[in-house]
Amino acid sequence: MTKPLHTELPLNPHVAGLPPYNAGMNIADAQQKSGRQDIAALASNENPDGCSPHAAAALVGLSPSRYSDPACMALRAALSQKLGVDTDRIVAGNGSEEMIAAICRAVLRPGTLAATVCPGFGLHEIEALANGARVEKVGMRPDLDFDIPAIIAMLERAPAIFFLSSPSNPVGPALDRKGLARILAAVRHETLLVLDEAYFEFTDEDTPHGLAALSATDLSWVVLRTFSKAYGLAGLRVGYAVTSDVRLARAVSAAKTPFNVNAAAQVAAVAALADESWMRSSVARLKRERARVASAVADMGLSAGRSQTNFLFIDVGRESRIVFDHFLSQGIIVKPWKEEGYDTFIRVTIGTPSENDRFLDALRDLIRT
Ligand code: PMP
(Lines give C-alpha, C1' and ligand atoms only; values in the text may rest on other atoms or scores of the structure.)
Protein backbone atom coordinates (compact mmCIF):
# COMPACT_ATOMS: atom_id res chain seq x y z
CA MET A 1 0.00 0.00 0.00
CA THR A 2 1.31 3.47 -0.86
CA LYS A 3 1.85 5.64 2.21
CA PRO A 4 0.05 8.99 2.19
CA LEU A 5 2.22 11.97 1.25
CA HIS A 6 3.01 14.29 4.14
CA THR A 7 2.24 17.42 2.20
CA GLU A 8 2.54 19.60 5.29
CA LEU A 9 6.28 18.87 5.66
CA PRO A 10 7.99 22.12 4.75
CA LEU A 11 10.55 21.48 2.01
CA ASN A 12 13.20 23.91 0.90
CA PRO A 13 11.31 25.62 -1.93
CA HIS A 14 14.51 26.33 -3.83
CA VAL A 15 15.18 22.59 -4.05
CA ALA A 16 11.64 21.20 -4.21
CA GLY A 17 10.84 23.36 -7.23
CA LEU A 18 13.94 22.54 -9.25
CA PRO A 19 13.64 21.58 -12.90
CA PRO A 20 14.85 17.98 -13.35
CA TYR A 21 18.27 17.35 -14.87
CA ASN A 22 17.77 15.65 -18.23
CA ALA A 23 20.25 12.78 -18.11
CA GLY A 24 19.09 11.18 -21.36
CA MET A 25 17.82 7.64 -21.92
CA ASN A 26 19.85 4.74 -20.57
CA ILE A 27 20.82 1.68 -22.61
CA ALA A 28 18.48 -0.80 -20.84
CA ASP A 29 15.44 1.43 -21.45
CA ALA A 30 16.46 1.91 -25.08
CA GLN A 31 16.77 -1.86 -25.54
CA GLN A 32 13.34 -2.38 -24.09
CA LYS A 33 11.69 0.41 -26.11
CA SER A 34 13.38 -0.36 -29.44
CA GLY A 35 13.41 -4.16 -29.11
CA ARG A 36 17.07 -4.07 -30.21
CA GLN A 37 20.15 -5.20 -28.32
CA ASP A 38 22.77 -3.28 -30.34
CA ILE A 39 22.19 0.18 -28.93
CA ALA A 40 24.39 3.05 -30.14
CA ALA A 41 24.42 5.26 -27.02
CA LEU A 42 25.14 8.69 -28.49
CA ALA A 43 23.45 10.98 -25.94
CA SER A 44 25.97 11.42 -23.12
CA ASN A 45 29.30 12.37 -24.74
CA GLU A 46 31.11 9.31 -23.38
CA ASN A 47 34.26 7.95 -25.00
CA PRO A 48 33.38 5.02 -27.33
CA ASP A 49 37.03 3.86 -27.19
CA GLY A 50 36.73 3.02 -23.48
CA CYS A 51 39.65 4.13 -21.29
CA SER A 52 43.39 3.58 -20.93
CA PRO A 53 44.13 -0.10 -20.16
CA HIS A 54 46.30 1.19 -17.30
CA ALA A 55 43.30 2.94 -15.76
CA ALA A 56 41.26 -0.27 -16.00
CA ALA A 57 44.15 -2.35 -14.57
CA ALA A 58 44.50 0.04 -11.61
CA LEU A 59 41.09 -1.08 -10.36
CA VAL A 60 42.21 -4.66 -9.74
CA GLY A 61 43.08 -5.46 -6.12
CA LEU A 62 41.48 -2.40 -4.54
CA SER A 63 40.30 -2.86 -0.99
CA PRO A 64 36.61 -1.88 -0.85
CA SER A 65 36.57 -1.98 2.95
CA ARG A 66 38.80 1.10 3.30
CA TYR A 67 37.61 4.67 2.95
CA SER A 68 39.07 6.57 0.04
CA ASP A 69 41.54 9.39 0.66
CA PRO A 70 39.35 12.42 1.48
CA ALA A 71 42.11 14.78 0.29
CA CYS A 72 42.73 12.87 -3.01
CA MET A 73 46.44 13.55 -2.43
CA ALA A 74 47.89 11.32 -5.18
CA LEU A 75 45.44 12.60 -7.76
CA ARG A 76 45.88 16.26 -6.83
CA ALA A 77 49.67 15.84 -6.85
CA ALA A 78 49.52 14.32 -10.36
CA LEU A 79 47.25 17.15 -11.52
CA SER A 80 49.51 19.74 -9.92
CA GLN A 81 52.42 18.38 -11.91
CA LYS A 82 50.46 18.22 -15.16
CA LEU A 83 49.02 21.73 -14.84
CA GLY A 84 51.81 23.57 -13.01
CA VAL A 85 49.36 24.67 -10.27
CA ASP A 86 49.89 24.12 -6.50
CA THR A 87 47.92 21.19 -5.07
CA ASP A 88 46.18 23.47 -2.58
CA ARG A 89 44.41 25.26 -5.45
CA ILE A 90 42.99 21.98 -6.84
CA VAL A 91 39.83 20.27 -5.54
CA ALA A 92 38.81 16.84 -6.83
CA GLY A 93 35.14 15.99 -7.19
CA ASN A 94 32.69 13.17 -7.72
CA GLY A 95 32.55 14.22 -11.35
CA SER A 96 32.98 17.89 -12.21
CA GLU A 97 29.24 18.17 -11.59
CA GLU A 98 29.89 17.84 -7.87
CA MET A 99 32.28 20.76 -8.16
CA ILE A 100 29.52 22.83 -9.79
CA ALA A 101 27.31 22.09 -6.78
CA ALA A 102 30.10 22.83 -4.28
CA ILE A 103 31.00 26.12 -5.97
CA CYS A 104 27.36 27.26 -5.84
CA ARG A 105 27.10 26.25 -2.20
CA ALA A 106 30.33 28.07 -1.37
CA VAL A 107 29.47 31.32 -3.17
CA LEU A 108 25.74 31.85 -3.61
CA ARG A 109 23.12 33.15 -1.20
CA PRO A 110 19.36 33.34 -1.71
CA GLY A 111 18.52 36.21 -4.03
CA THR A 112 21.98 36.67 -5.53
CA LEU A 113 22.35 36.78 -9.30
CA ALA A 114 23.98 33.85 -11.09
CA ALA A 115 24.36 33.90 -14.85
CA THR A 116 25.11 31.51 -17.66
CA VAL A 117 24.63 30.94 -21.36
CA CYS A 118 21.61 29.47 -23.15
CA PRO A 119 21.52 26.79 -24.43
CA GLY A 120 23.99 25.58 -21.84
CA PHE A 121 24.79 22.79 -19.40
CA GLY A 122 21.74 22.18 -17.22
CA LEU A 123 23.55 21.93 -13.90
CA HIS A 124 24.98 25.44 -14.20
CA GLU A 125 21.42 26.64 -13.75
CA ILE A 126 20.03 23.90 -11.49
CA GLU A 127 22.76 24.08 -8.84
CA ALA A 128 22.53 27.87 -8.70
CA LEU A 129 18.73 27.67 -8.27
CA ALA A 130 19.17 25.04 -5.54
CA ASN A 131 21.03 27.68 -3.55
CA GLY A 132 18.29 30.24 -4.00
CA ALA A 133 20.05 32.32 -6.65
CA ARG A 134 18.22 34.14 -9.43
CA VAL A 135 19.52 32.78 -12.71
CA GLU A 136 19.70 34.83 -15.89
CA LYS A 137 20.85 33.45 -19.19
CA VAL A 138 22.58 35.01 -22.19
CA GLY A 139 21.57 33.53 -25.54
CA MET A 140 23.97 32.14 -28.12
CA ARG A 141 24.02 33.92 -31.49
CA PRO A 142 21.75 32.61 -34.28
CA ASP A 143 24.89 31.45 -36.11
CA LEU A 144 25.61 29.18 -33.11
CA ASP A 145 28.58 31.05 -31.67
CA PHE A 146 29.07 32.94 -28.40
CA ASP A 147 27.44 36.36 -28.21
CA ILE A 148 30.41 38.20 -26.70
CA PRO A 149 28.74 41.66 -26.35
CA ALA A 150 25.75 40.04 -24.57
CA ILE A 151 28.08 38.12 -22.23
CA ILE A 152 29.96 41.35 -21.50
CA ALA A 153 26.71 43.20 -20.78
CA MET A 154 25.76 40.49 -18.29
CA LEU A 155 29.20 40.55 -16.65
CA GLU A 156 28.87 44.31 -16.19
CA ARG A 157 25.92 43.59 -13.90
CA ALA A 158 28.41 41.76 -11.62
CA PRO A 159 26.65 38.42 -11.08
CA ALA A 160 28.01 36.44 -8.12
CA ILE A 161 28.86 33.61 -10.53
CA PHE A 162 29.08 33.42 -14.29
CA PHE A 163 29.17 29.84 -15.61
CA LEU A 164 30.57 29.54 -19.09
CA SER A 165 31.29 26.24 -20.76
CA SER A 166 33.93 26.61 -23.44
CA PRO A 167 33.80 24.52 -25.52
CA SER A 168 30.07 24.97 -25.22
CA ASN A 169 27.82 22.09 -24.23
CA PRO A 170 25.55 21.65 -26.16
CA VAL A 171 26.45 23.94 -29.05
CA GLY A 172 30.12 23.03 -29.54
CA PRO A 173 32.26 26.13 -30.26
CA ALA A 174 35.11 27.27 -28.00
CA LEU A 175 36.06 30.87 -27.25
CA ASP A 176 38.92 32.14 -29.36
CA ARG A 177 41.77 34.22 -27.95
CA LYS A 178 40.12 37.56 -28.73
CA GLY A 179 36.70 36.55 -27.39
CA LEU A 180 38.19 35.20 -24.18
CA ALA A 181 40.29 38.34 -23.68
CA ARG A 182 37.23 40.59 -24.15
CA ILE A 183 35.28 38.53 -21.62
CA LEU A 184 38.08 38.57 -19.05
CA ALA A 185 38.38 42.34 -19.38
CA ALA A 186 34.68 42.66 -18.42
CA VAL A 187 34.71 40.45 -15.31
CA ARG A 188 34.32 42.46 -12.08
CA HIS A 189 36.04 41.57 -8.85
CA GLU A 190 32.68 40.69 -7.27
CA THR A 191 32.12 37.91 -9.84
CA LEU A 192 33.43 34.35 -9.78
CA LEU A 193 34.02 33.26 -13.37
CA VAL A 194 33.61 29.49 -13.74
CA LEU A 195 35.09 28.32 -17.01
CA ASP A 196 33.84 24.79 -17.57
CA GLU A 197 36.32 23.01 -19.82
CA ALA A 198 34.78 19.52 -19.73
CA TYR A 199 35.59 19.13 -23.46
CA PHE A 200 38.95 20.92 -23.39
CA GLU A 201 40.91 17.97 -24.84
CA PHE A 202 38.86 18.03 -28.06
CA THR A 203 39.66 21.64 -28.96
CA ASP A 204 41.68 22.89 -31.95
CA GLU A 205 45.43 23.44 -31.59
CA ASP A 206 45.08 27.23 -31.56
CA THR A 207 42.22 27.41 -29.05
CA PRO A 208 43.44 29.28 -25.95
CA HIS A 209 43.88 27.41 -22.67
CA GLY A 210 41.52 28.96 -20.15
CA LEU A 211 43.86 28.13 -17.32
CA ALA A 212 46.76 30.10 -18.82
CA ALA A 213 44.58 33.08 -19.73
CA LEU A 214 42.88 33.21 -16.32
CA SER A 215 46.16 32.77 -14.45
CA ALA A 216 47.37 36.02 -15.99
CA THR A 217 44.50 37.97 -14.37
CA ASP A 218 43.80 39.11 -10.80
CA LEU A 219 40.22 37.79 -10.98
CA SER A 220 38.45 35.10 -8.98
CA TRP A 221 37.98 32.09 -11.20
CA VAL A 222 37.58 28.33 -11.38
CA VAL A 223 38.46 26.08 -14.29
CA LEU A 224 36.55 22.79 -14.34
CA ARG A 225 37.85 19.67 -16.04
CA THR A 226 36.70 16.05 -16.08
CA PHE A 227 37.89 12.48 -16.62
CA SER A 228 34.47 11.56 -18.03
CA LYS A 229 34.98 12.57 -21.66
CA ALA A 230 38.45 12.30 -23.27
CA TYR A 231 39.78 9.95 -20.57
CA GLY A 232 36.76 7.64 -20.81
CA LEU A 233 36.06 7.30 -17.07
CA ALA A 234 32.47 8.63 -16.94
CA GLY A 235 31.17 5.72 -14.87
CA LEU A 236 33.76 6.20 -12.12
CA ARG A 237 32.78 9.85 -11.54
CA VAL A 238 35.85 12.03 -11.22
CA GLY A 239 36.53 15.61 -12.20
CA TYR A 240 38.26 18.59 -10.65
CA ALA A 241 38.29 22.32 -10.05
CA VAL A 242 41.38 24.50 -10.38
CA THR A 243 40.86 27.72 -8.46
CA SER A 244 42.42 31.18 -8.62
CA ASP A 245 43.44 31.06 -4.95
CA VAL A 246 43.73 28.85 -1.91
CA ARG A 247 40.93 30.58 0.02
CA LEU A 248 38.47 29.74 -2.75
CA ALA A 249 39.74 26.14 -2.97
CA ARG A 250 39.20 25.77 0.80
CA ALA A 251 35.64 27.05 0.54
CA VAL A 252 34.81 24.71 -2.36
CA SER A 253 36.41 21.84 -0.47
CA ALA A 254 34.37 22.63 2.65
CA ALA A 255 31.19 22.55 0.54
CA LYS A 256 31.74 19.02 -0.82
CA THR A 257 31.18 15.74 1.01
CA PRO A 258 34.29 14.39 2.79
CA PHE A 259 34.90 11.11 0.92
CA ASN A 260 33.50 12.40 -2.34
CA VAL A 261 35.84 10.67 -4.79
CA ASN A 262 35.77 6.90 -4.35
CA ALA A 263 38.94 4.81 -4.23
CA ALA A 264 38.44 3.28 -7.68
CA ALA A 265 38.00 6.70 -9.28
CA GLN A 266 41.14 8.04 -7.59
CA VAL A 267 43.48 5.25 -8.71
CA ALA A 268 42.02 5.09 -12.22
CA ALA A 269 42.37 8.86 -12.70
CA VAL A 270 46.00 8.78 -11.53
CA ALA A 271 46.72 5.88 -13.94
CA ALA A 272 44.95 7.72 -16.78
CA LEU A 273 47.15 10.78 -16.21
CA ALA A 274 50.23 8.56 -16.37
CA ASP A 275 49.09 7.28 -19.79
CA GLU A 276 48.03 10.43 -21.61
CA SER A 277 49.22 9.00 -24.94
CA TRP A 278 46.15 6.69 -24.86
CA MET A 279 43.89 9.72 -24.37
CA ARG A 280 45.64 11.71 -27.10
CA SER A 281 45.31 8.97 -29.70
CA SER A 282 41.66 8.38 -28.81
CA VAL A 283 40.97 12.13 -29.10
CA ALA A 284 42.75 12.27 -32.48
CA ARG A 285 40.56 9.41 -33.75
CA LEU A 286 37.39 11.03 -32.44
CA LYS A 287 38.30 14.38 -34.00
CA ARG A 288 38.76 12.69 -37.39
CA GLU A 289 35.37 11.02 -36.99
CA ARG A 290 33.84 14.33 -35.92
CA ALA A 291 35.07 15.97 -39.13
CA ARG A 292 33.68 13.09 -41.20
CA VAL A 293 30.26 13.17 -39.51
CA ALA A 294 30.09 16.99 -39.62
CA SER A 295 30.80 17.06 -43.34
CA ALA A 296 28.20 14.33 -44.04
CA VAL A 297 25.65 16.34 -42.02
CA ALA A 298 26.53 19.51 -43.97
CA ASP A 299 26.15 17.55 -47.23
CA MET A 300 22.58 16.77 -46.17
CA GLY A 301 21.95 20.53 -46.02
CA LEU A 302 21.61 20.62 -42.22
CA SER A 303 23.30 23.21 -40.03
CA ALA A 304 25.30 22.34 -36.91
CA GLY A 305 27.39 24.20 -34.36
CA ARG A 306 31.11 24.32 -35.17
CA SER A 307 32.17 21.69 -32.71
CA GLN A 308 35.38 21.60 -30.68
CA THR A 309 33.94 18.76 -28.59
CA ASN A 310 33.09 15.08 -29.02
CA PHE A 311 29.53 15.83 -30.15
CA LEU A 312 27.55 17.77 -32.75
CA PHE A 313 24.52 20.01 -32.17
CA ILE A 314 22.38 19.67 -35.29
CA ASP A 315 19.28 21.48 -36.46
CA VAL A 316 17.24 18.67 -37.99
CA GLY A 317 14.43 21.03 -38.94
CA ARG A 318 11.66 19.02 -37.30
CA GLU A 319 10.47 18.50 -33.76
CA SER A 320 13.32 16.96 -31.77
CA ARG A 321 11.01 14.62 -29.78
CA ILE A 322 9.88 12.99 -33.02
CA VAL A 323 13.44 12.86 -34.26
CA PHE A 324 14.46 11.17 -30.99
CA ASP A 325 11.80 8.48 -31.49
CA HIS A 326 12.96 7.90 -35.07
CA PHE A 327 16.53 7.27 -33.93
CA LEU A 328 15.40 5.18 -30.97
CA SER A 329 13.40 2.87 -33.24
CA GLN A 330 16.73 2.11 -34.92
CA GLY A 331 18.55 1.51 -31.63
CA ILE A 332 20.29 4.89 -31.53
CA ILE A 333 20.03 7.22 -28.52
CA VAL A 334 20.51 10.93 -29.28
CA LYS A 335 19.68 13.89 -27.03
CA PRO A 336 16.72 15.99 -28.18
CA TRP A 337 16.66 19.70 -27.27
CA LYS A 338 13.46 21.25 -25.93
CA GLU A 339 14.33 24.85 -25.14
CA GLU A 340 12.50 27.49 -27.08
CA GLY A 341 14.32 28.30 -30.29
CA TYR A 342 16.21 25.00 -30.20
CA ASP A 343 13.39 22.44 -30.23
CA THR A 344 14.45 21.20 -33.66
CA PHE A 345 17.99 20.46 -32.48
CA ILE A 346 19.56 17.21 -31.36
CA ARG A 347 22.94 16.63 -29.77
CA VAL A 348 24.76 13.52 -30.94
CA THR A 349 27.98 12.12 -29.50
CA ILE A 350 30.74 11.03 -31.87
CA GLY A 351 30.84 7.25 -31.45
CA THR A 352 32.76 4.44 -33.14
CA PRO A 353 32.94 4.64 -36.96
CA SER A 354 30.18 2.03 -37.28
CA GLU A 355 27.94 3.82 -34.75
CA ASN A 356 28.49 7.05 -36.66
CA ASP A 357 27.56 5.30 -39.93
CA ARG A 358 24.37 4.03 -38.32
CA PHE A 359 23.59 7.54 -37.14
CA LEU A 360 24.21 9.05 -40.58
CA ASP A 361 22.11 6.38 -42.33
CA ALA A 362 19.23 6.99 -39.92
CA LEU A 363 19.56 10.75 -40.38
CA ARG A 364 19.45 10.38 -44.18
CA ASP A 365 16.32 8.23 -43.81
CA LEU A 366 14.73 10.86 -41.60
CA ILE A 367 15.27 13.83 -43.85
CA ARG A 368 14.08 11.90 -46.88
CA THR A 369 10.65 11.46 -45.26
N1 PMP B 1 30.29 20.31 -17.52
C2 PMP B 1 29.87 20.09 -18.76
C3 PMP B 1 29.89 21.22 -19.73
C4 PMP B 1 29.40 18.82 -19.13
O5 PMP B 1 28.97 18.62 -20.38
C6 PMP B 1 29.39 17.78 -18.18
C7 PMP B 1 28.89 16.40 -18.49
N8 PMP B 1 27.97 16.26 -19.44
C9 PMP B 1 29.85 18.07 -16.89
C10 PMP B 1 30.30 19.33 -16.60
C11 PMP B 1 29.84 17.06 -15.80
O12 PMP B 1 30.70 16.01 -16.08
P13 PMP B 1 31.18 14.99 -14.98
O14 PMP B 1 30.36 15.20 -13.75
O15 PMP B 1 30.97 13.65 -15.58
O16 PMP B 1 32.62 15.31 -14.74
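Residues numbered from 1 in each chain as written. Predicted model: local features only at pLDDT ≥ 70, side-chain atom pairs only at ≥ 80, totals over all residues. Heavy atoms only, no water.

Per an unreviewed UniProt entry, the recorded name for the protein chain is Histidinol-phosphate aminotransferase, and the organism is Ensifer adhaerens.

## Looking at the pattern of salt bridges
Test applied: Here a salt bridge means any side-chain nitrogen of Lys or Arg lying within 4 Å of a carboxyl oxygen belonging to Asp or Glu. To qualify as a helix, a DSSP run of H or I must reach at least 4 residues; to qualify as a strand, a run of E must reach at least 2; elements of each kind are numbered from the N terminus. Burial here depends on accessible area, computed with a 1.4 Å probe over protein chains only, as a share of the maximum for the residue type. Under 20% is buried, over 50% is exposed, and the range in between is partly exposed.
Counted under the stated rule, the structure contains 15 salt bridges. Between Glu125 and Lys137 there is a salt bridge, and its shortest N-O distance comes to 2.9 Å. Here the residue Glu125 occupies a position in helix 6 (residues 122-130), and Lys137 occupies one in strand 4 (residues 134-139), the gap between them amounting to 12 residues. You can call Glu125 partly exposed: its relative accessible area is 22%. Because the salt bridges share partners, they merge into one network encompassing Arg36, Asp38 and Arg358.

## Topic: the site of the ligand
Basically, it comes down to this: The criterion for a residue being near a molecule or strand is simple. One of its heavy atoms has to lie within 4 Å of it. Pairs of N or O atoms within 3.5 Å make up the polar contacts considered here, provided that, within protein, one atom can donate a hydrogen while the other can accept it, and that residues adjacent in sequence are counted only when both atoms are side-chain atoms. For the area figures, the Shrake-Rupley method with a 1.4 Å probe applies, and any residue is considered shielded solely by the protein chains shown. Under this grouping Gly is polar, as are all residues other than the nonpolar Ala, Val, Leu, Ile, Met, Phe, Trp, Tyr, Cys and Pro and the charged Asp, Glu, Lys and Arg.
Residues in close proximity to the ligand total 13 residues, the closest being Ser96, Asn169, Asp196, Thr226 and Ser228. Contact between the ligand and Ser96: an oxygen atom at 2.7 Å from a main-chain N or O atom of the residue. For the ligand, whose unbound accessible area comes to 400 Å², protein coverage reaches 94%. Partitioning the shell around the ligand into residue classes produces 3 nonpolar, 6 polar and 4 charged.

## Structural notes on the sheet that holds strand 13 (residues 345-349)
Heads up, the rule is: Whether two strands pair depends on DSSP finding at least two bridges between them. Residues count as neighbours in contact if any of their non-hydrogen atoms are within 4.5 Å of one another. Helix axes are fitted to C-alpha atoms over the stretch in contact, other axes to C-alpha atoms as well, and angles between N-to-C directions run from 0 to 180 degrees.
The strand order across the open sheet formed by 4 strands is 9-10-13-12, and the pairing between neighbours is antiparallel. Either end of the sheet is taken by a strand with one partner, and the two such strands are strand 9 (303-304) and strand 12 (335-336). Against the sheet, helix 13 (residues 320-329) contacts strand 12 and strand 13, and its axis sits at roughly 35 degrees relative to strand 13.

## Describing the sheet that holds strand 5 (residues 161-165)
Read from one edge of the open sheet, 7 strands run 2-8-7-6-5-3-4, paired in mixed fashion. The open sheet is flanked by strand 2 (90-93) and strand 4, the only strands paired with a single partner. With strand direction ignored, the average angle separating the axes of adjacent strands in the sheet is 20 degrees. Pairing of strand 2 with strand 8 (residues 239-243), which is carried by 4 bridges, proceeds in the antiparallel orientation. What sits directly across from Val91, in strand 8, is Ala241.

## Structural notes on the pairing of strand 13
Taking burial as the measure, the 5 residues of strand 13 include 5 buried ones, the bulk of the element. Here strand 13 shows no split at all, with Phe345, Arg347 and Thr349 on one side and Ile346 and Val348 on the other all buried. Bridging between strand 10 (residues 311-315) and strand 13 involves 5 bridges; their strand directions are antiparallel. Counterpart to Phe311 in the pairing with strand 13 is Thr349. Where strand 12 meets strand 13, 2 bridges bridge the pair, whose relative direction is antiparallel. Opposite Pro336, over in strand 13, you have Ile346 as the bridge partner.

## Quick look at helix 10 (residues 246-254)
We apply this condition: Taken from the helix axis, the directions to the C-beta atoms give the arc we talk about.
Residues of helix 10 that are buried include every one of Leu248, Ala249 and Val252, and no others. Down the axis of helix 10, the smallest arc covering the buried residues is 100 degrees, so these residues share one side. Of the exposed residues in helix 10, those oriented more than 90 degrees away from the buried face are Arg247, Arg250 and Ala254. On its buried face, helix 10 is in contact with strand 2, helix 5 (96-107), strand 6 (192-196), strand 7 (220-226) and strand 8. Where helix 10 starts, the residue carrying a side-chain oxygen 3.2 Å from the main-chain nitrogen of Arg247 turns out to be Asp245.

## Description of the state of the cysteines
Counted only if it meets this: In this description, a disulfide is simply a cysteine sulfur pair whose atoms lie within 2.5 Å.
A complete count under the given rule lists 0 disulfides for this structure. Between Cys104, a free cysteine, and Cys118, which holds the nearest cysteine sulfur, the sulfur-to-sulfur gap is 17 Å. Among the residues examined, Cys104 registers a relative accessible area of 0% and is labelled buried.

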